[in-house]
Amino acid sequence: MTVILSLNSYTAVGRYYYEKTDDFGEFIGTSFIFVGLILCITGIIYILFYQQINNLIKLPGLLPIYLLFACLFAIIQSVYVQILVPQKKSKELAIINVLNGYIGFAIAVLFVYLLKENRYLGRIWASLLVGLFFSIYYIKNINKYLKFNFKLEHIKYIANYSIPLIPCSLSGIILAQFDRIMINNIINTASAGLYSLGYNVGMLLLLVSNAIRTAFIPDFMKFLDNKEYDRLDALMEKTFSIVTIVALGLILFAREIIIILADVKFHEALKVVPVVIIGYVFHEMYFMYGMYPGYKKKTIYTSIVSLSAGSLNVILNAIFIPKYGYIAAAYTTLVSYFAMFIMAWIMSKYILKQRVSPLCLFWKPTLIMLGFIAFAYFLGDLDLNIILFVFLKLTLLGLFSVIVFYKEVRSIIFLK
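As the structure is a prediction and not an experimental result, all values here were calculated from the model.

(A) View of the overall build of the chain. When helices and strands are counted, the chain shows 19 helices and zero strands. Contacts spanning at least 24 positions in sequence make up 77% of the contacts within the chain whose residues lie at least 6 apart. Here the chain displays about 21,500 Å² of accessible surface, and carbon together with sulfur accounts for 70% of that area.

In structure tokens:
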């Protein structure tokens, strides 16, 4: 809970940047002091009740201590990201993410290879080492903006913006992890493993969409501030179209991805992938409308939507997993994300009274994508030569890309 509160506190940093005040550095300083106090209080509680907490969570050795440091490094990274995003420094952010990921992976492999026992510690030690290295870099750069000054009005801003997001973060954990726990408990570990593999392939779409959002959010805020709604609609349409192209590509080539990543006994997980990906397409629709509460600083509505979807997901899983197996969890998550999208649209349009982008901007490419998926499955039933089938799938993906970006393609061809 403390980590969630600390990380959510720094979502307010990114929002406060758009207030265009001259005390942004002081706001960061207040945020650091506030989170530092939270961590100190948590540390004292942890020390006082170490035995009881350790008996409850049952983590081996010094793992709880490692996790506390990992959380600290995550908080430092979060504040730096919140500073970079509004300034559109996506190149630096991309370089950091790539280096962080690849260096961490390489060191983890080395540690795991060298350790003779408790090899899981290799991944944790690598994360801590890389986290420490990058945190030094983050702090050095944050220092350019930082002014240590504690202001109560800044605390009030942080509390009003971030505390309502805590239930949203918790429901996000429910939507991402609870289905796997239920599959493991209701069916068996093997089914949970199959579901996780298929789900992780589907989550590749989330990596792409998250990267796009880094560049999207500053323009979203600017266009709303200036009431440039036509430009906002065009930006949302293009952004969502890119997501649908990636989604279609992942679905078309999911079999090839799983063949490369997993042994033949795990290929059954393939049936999960399309459902998960379509679910994430609905999640992207939710994101398009779910940004308005953040813009209006009414984040309580975001938590209401997320908690409702999380509760729906738990209920549906409890009903359908015992009847239909692990595949049901993919469909219940899809339904939950669809419900999030609908609730976010209603909330932004009718409760917050915002001028929102038309639904057709998102439904049009989605329906076309679903038609292409259906046709691809029809081709799959024809038992075509593998090379021909791959060629046809590439052709479908190219044709779909041309359709969703028809205006841009036409302007390039006719130089308009």
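Still more to cover.
(B) Quick look at unusual backbone geometry. Despite not being glycine, K227 has its phi angle at roughly 55°, a positive value. Looking at where K227 falls in the secondary structure, it is placed in the loop between α11 (204–225) and α12 (229–252). Of the residues examined, K227 reaches a relative accessible area of 58% and is grouped as exposed. Positive phi, normally seen in glycine, also occurs at D383, with a value near 55°. Within the fold, D383 resides in the loop between α17 (360–380) and α18 (386–404).

(C) Main features of the packing of helix α14 (residues 272–296) against helix α16 (residues 327–351). With their axes 8 Å apart at the nearest point, α14 and α16 run at an angle of 20° to one another. With respect to α16, the axis of α14 lies roughly parallel. Judged by the sense of rotation from one axis to the other, the crossing of α14 with α16 is left-handed. In the contact of α14 with α16, the residues fall into 22 nonpolar, four polar and no charged.

Reading the values: rules and limits
Counting restarts for each chain: residues are numbered from 1 in the order of the written sequence. Given that this is a predicted model, residues contribute local features only at a pLDDT of at least 70 and side-chain atom pairs are listed and counted only at 80 or more, while totals for whole chains, interfaces and linings are drawn from all residues. Derived side-chain values reflect all non-hydrogen atoms in the structure, with water molecules and hydrogen atoms excluded from consideration. The helix and strand labels rest on DSSP assignments: H or I over at least four residues marks a helix, E over at least two residues marks a strand, and numbering proceeds from the N terminus. Working rule for contacts: check all heavy atoms of both residues, and any pair within 4.5 Å makes them a contact. Shrake-Rupley sampling with a 1.4 Å probe provides the accessible areas, and residues are treated as covered by the protein chains on show and by no other component. Whether a residue is buried, partly exposed or exposed follows from its accessible area with a 1.4 Å probe, protein chains only, as a fraction of its type maximum: under 20%, in between, or over 50%, in that order. For helices, the axis comes from a line fit to the C-alpha atoms of the stretch in contact; other axes are also lines fit to C-alpha atoms, and the angle between any two N-to-C directions lies between 0 and 180 degrees. Small angles under 35 degrees read as roughly parallel and large ones over 145 as roughly antiparallel, with 65 to 115 read as roughly perpendicular and the rest as oblique. Whether a crossing is left-handed or right-handed is set by the direction in which the near helix is turned from the far one by less than a right angle, anticlockwise for left-handed and clockwise for right-handed. Each residue receives one of three labels: charged for Asp, Glu, Lys and Arg, nonpolar for Ala, Val, Leu, Ile, Met, Phe, Trp, Tyr, Cys and Pro, and polar for the others, Gly being one of them.

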